[in-house]
Amino acid sequence: MKPLDIRARMLLAALLPVGVIGVLLVTVFLMVRVDDTQQSYMQRTRLVARQLAVASEYSLFAANLPQLQSLAQGVLQEPDVRAVAFLDRSGQVLLQTGLEARSGQLAYTAQAVQWFDAKRRLDWLAEPVFSGGVQLDALYEDQERLPHTYANAMQLGQIQVIFSRRSLDDRQQDILLLGAGIGLLGLMFGGVLALYLS
């Protein structure tokens, strides 16, 4: 193997540190951005489910199907929502609607439950509905603190919402492609500049 001449070694010495730092910076940027989009999606899905649980309290108590249907149609207009189901206090389905309404359902419990179907990229969120509702601030509380909010309330039923992660996956893919493009352009620019200066 022919040894590198002084010009090639200078070029390598100039490009290698820049390339390593550039790759590290782009990697960190991509990890932070992907995590931000993931956290934003999870917070939004939980907020939608909790708001629906609060809004459906009276309708579940009265088994008002037209009102539940109206609530379901409103939630289905939200981005990524694919299906909505309302269960009464005995765990029986009062109403279910949406593209994934027949995909199954989560167990009826007094706790908020979330499950992810990796194959179909769907999130199931179940939220209990209690009499007396919940304070607005509690919509943003951690899951561990929510049971204390309902300590003295009677469970009226449960709502279940199915979300699709397709748009989240698309956004994360766009972020990765953009980051890779920026990193590649940076390396190309550094290489051209190093060649010019040498």
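Residues numbered from 1 in each chain as written. Predicted model: local features only at pLDDT ≥ 70, side-chain atom pairs only at ≥ 80, totals over all residues. Heavy atoms only, no water.

> Go over helix α3 (residues 65-76) with me, naming the residues and quoting the values.
Between the first and last C-alpha of α3 there are 16 Å, a value that for twelve residues agrees with the 16 Å anticipated at 1.5 Å per step. For α3, the full list of buried residues reads Leu68, Leu71, Ala72, Val75 and Leu76. One side of α3 carries all its buried residues, which in axial view fall inside an arc of 135°. The distance from a side-chain oxygen at the start of α3 to the backbone nitrogen of Gln67 is 3.1 Å, and the residue carrying that oxygen is Asn64. (Helix = DSSP H or I, 4+ residues; strand = E, 2+ residues; numbered from the N terminus. Expected span 1.5 Å × (residues − 1). Buried < 20%, exposed > 50% of the residue type's maximum accessible area, 1.4 Å probe, protein only. Arc of directions from axis to C-beta. Polar contact = N/O pair within 3.5 Å; in protein donor to acceptor, adjacent residues only side chain to side chain.)

> Can you lay out the nonpolar core for me, pointing to particular residues and giving the numbers?
If you look at the biggest cluster of nonpolar residues, it comprises 23 residues, and the most contacted ones within it are Leu52, Val84, Phe86, Ile159 and Val161. If you list the elements that add at least two residues to this core, you get α1 (6-55), α3, β1 (81-88), β4 (122-130) and β5 (155-164). Element by element, the count of residues in this core is highest for α1, at six residues. If near-sequence neighbours (up to four positions away) are discounted, Val161 is found in contact with Ala49, Leu52, Val75, Val81, Ala83, Val84, Asp123, Trp124 and Leu125. (Core = buried A, V, L, I, M, F, W, Y, C linked by side-chain atoms within 4.5 Å. Contact = heavy atoms within 4.5 Å.)

> Hey, could you go over the side chain of Asp88 for me, with residue numbers and the actual values?
Within the secondary structure, Asp88 sits in strand β1. Buried Asp88, no salt bridge; nearest opposite-charge side chain is Arg89, N-O distance 7.1 Å. Ignoring anything within four residues of it in the chain, the contact list for Asp88 reads Leu94, Tyr108, Leu156 and Gly157. (Lys, Arg positive; Asp, Glu negative; His and termini not counted. Salt bridge = Lys/Arg side-chain N within 4 Å of Asp/Glu carboxyl O.)

> Could you give an account of unusual backbone geometry, with specific residues and numbers?
Glycine aside, the phi torsion of most residues is negative, and most peptide linkages are trans. Within the chain, Ala63 stands out as a residue other than glycine whose phi angle is a positive 50°. One can find Ala63 in the loop between α2 (57-62) and α3. Unlike most non-glycine residues, Asp80 shows phi in positive territory, near 75°. Tracing the chain through its elements places Asp80 in the loop between α3 and β1. Look at Asp80 and you get buried, because its relative accessible area is 9%.

> Help me get a handle on the pairing of β1, residues and values and all.
For β1, the tally of buried residues reaches seven of eight residues, placing the bulk of the element in the interior. The sheet contact formed by β1 and β5 spans seven bridges and is antiparallel. Paired with Val81 across the strands is Phe163, a residue of β5. Sheet analysis places β1 next to strand β2 (residues 93-98), joined by five bridges and oriented antiparallel. (Pairing = 2+ DSSP bridges.)

So yeah, pure geometry; function would need other evidence.
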